[in-house]
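For reference, the chains in residue letters:
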Amino acid sequence: MAAKVASTANKVFQNHDDVHISFEDQQRINRFAKHNARMDDLKVELDVKKNELKCVEEALDEIELFDEDEDIPFMVGEVFLSHKLGKTQELLAETKDMVIKEIASIEAKAKAIKVEMDELKAHLYQRFGSNISLENDD
């Protein structure tokens, strides 16, 4: 009798609804996981770009208080170049436009990935039901 108790105590819990996972299903699960990780990366990248945009907008507001003939340092790469107010405003406006385009690009990528993830999620939930969890813990 002690042997029976020990053997049942060592058993691994198995769900009664064991589902066979085909190669195609495993590929879908892997693709969903890859897209999910990519979405997390895009969220971080989007936050960084939005912060960059905020900084550029604040810089544009701040330099309006400067004098016309005053040199204003503008960072290009790792070097600061001094320009007059008008040229600096021009450079900041160009930078702002570039960052806005980058944000739009990131959002478009995220939207495309989200569409595919929704399709994969629908298929996988249809196939596996409650035996699979595809929701984020956020």
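An unreviewed UniProt entry annotates the protein as Prefoldin subunit 4 of Drosophila persimilis. The Subunit (unreviewed entry) comment attached to the protein in UniProt states, word for word, "Heterohexamer of two PFD-alpha type and four PFD-beta type subunits." Here the protein is described in UniProt, under the heading Function (unreviewed entry), as follows: "Binds specifically to cytosolic chaperonin (c-CPN) and transfers target proteins to it. Binds to nascent polypeptide chain and promotes folding in an environment in which there are many competing pathways for nonnative proteins."

S.K.: Looking at this model, I keep getting lost on the nonpolar core. Mind explaining?
M.R.: Here is a general trend for soluble globular proteins: nonpolar side chains tend to be buried in one another's company. Ranked by internal contacts, the top residues of the largest apolar core, which has 16 residues, are Phe 32 and Leu 124. Of all elements in the fold, only helix H2 (23-63) and helix H3 (85-128) reach the threshold of two or more residues within this core. With 9 residues, the single largest contributor to this core is H3. Discounting chain neighbours no more than four positions away, the residues touching Leu 124 are Asp 25, Arg 28, Ile 29, Phe 32, Gly 129, Ile 132 and Leu 134.

S.K.: Quick question: what am I supposed to make of a negative patch on the surface here?
M.R.: Taken together, the side chains of Glu 58, Asp 61, Glu 62 and Glu 64 define an acidic patch exposed on the protein surface. Relative accessible area serves as the criterion here: at 55%, Glu 64 is assigned to the exposed category.

S.K.: Any chance you could explain the pattern of salt bridges here in plain terms?
M.R.: Pairs can form between side chains of opposite charge once their charged atoms are near each other. Taken as a whole, this structure holds 9 salt bridges when the rule is applied. A salt bridge links Asp 25 to Arg 28, with the shortest nitrogen-to-oxygen separation between them at 3.3 Å. With Asp 25 and Arg 28 both in helix H2 and 3 residues apart, the pair spans about one turn of that helix. A residue is classified by how much of its surface remains accessible, and Asp 25, at 3% relative accessible area, is buried. Across the pair Glu 52 and Lys 49 runs a salt bridge whose closest N-O atoms are separated by 3.4 Å. Residue Glu 52 and its partner Lys 49 are located together in helix H2, separated by 3 residues, close to a single helical turn. Judged by relative accessible area, which is 28%, Glu 52 ranks as partly exposed. Of the residues examined, Lys 49 reaches a relative accessible area of 17% and is grouped as buried. What emerges from the salt-bridge pattern is a single network uniting Asp 25, Arg 28 and Arg 127.

Calculation rules
Residues numbered from 1 in each chain as written. Predicted model: local features only at pLDDT ≥ 70, side-chain atom pairs only at ≥ 80, totals over all residues. Heavy atoms only, no water. UniProt positions renumbered as here; feature names shortened; annotations may be inferred. Core = buried A, V, L, I, M, F, W, Y, C linked by side-chain atoms within 4.5 Å. Buried < 20%, exposed > 50% of the residue type's maximum accessible area, 1.4 Å probe, protein only. Helix = DSSP H or I, 4+ residues; strand = E, 2+ residues; numbered from the N terminus. Contact = heavy atoms within 4.5 Å. Patch = residues over 30% accessible without salt bridge, like charges linked within 9 Å, V, L, I, M, F, W, Y side chains within 5 Å. Areas by Shrake-Rupley, 256 points an atom, 1.4 Å probe, with all protein chains shown as cover. Salt bridge = Lys/Arg side-chain N within 4 Å of Asp/Glu carboxyl O. Lys, Arg positive; Asp, Glu negative; His and termini not counted. Charge placed at Lys NZ, Arg CZ, Asp CG, Glu CD.

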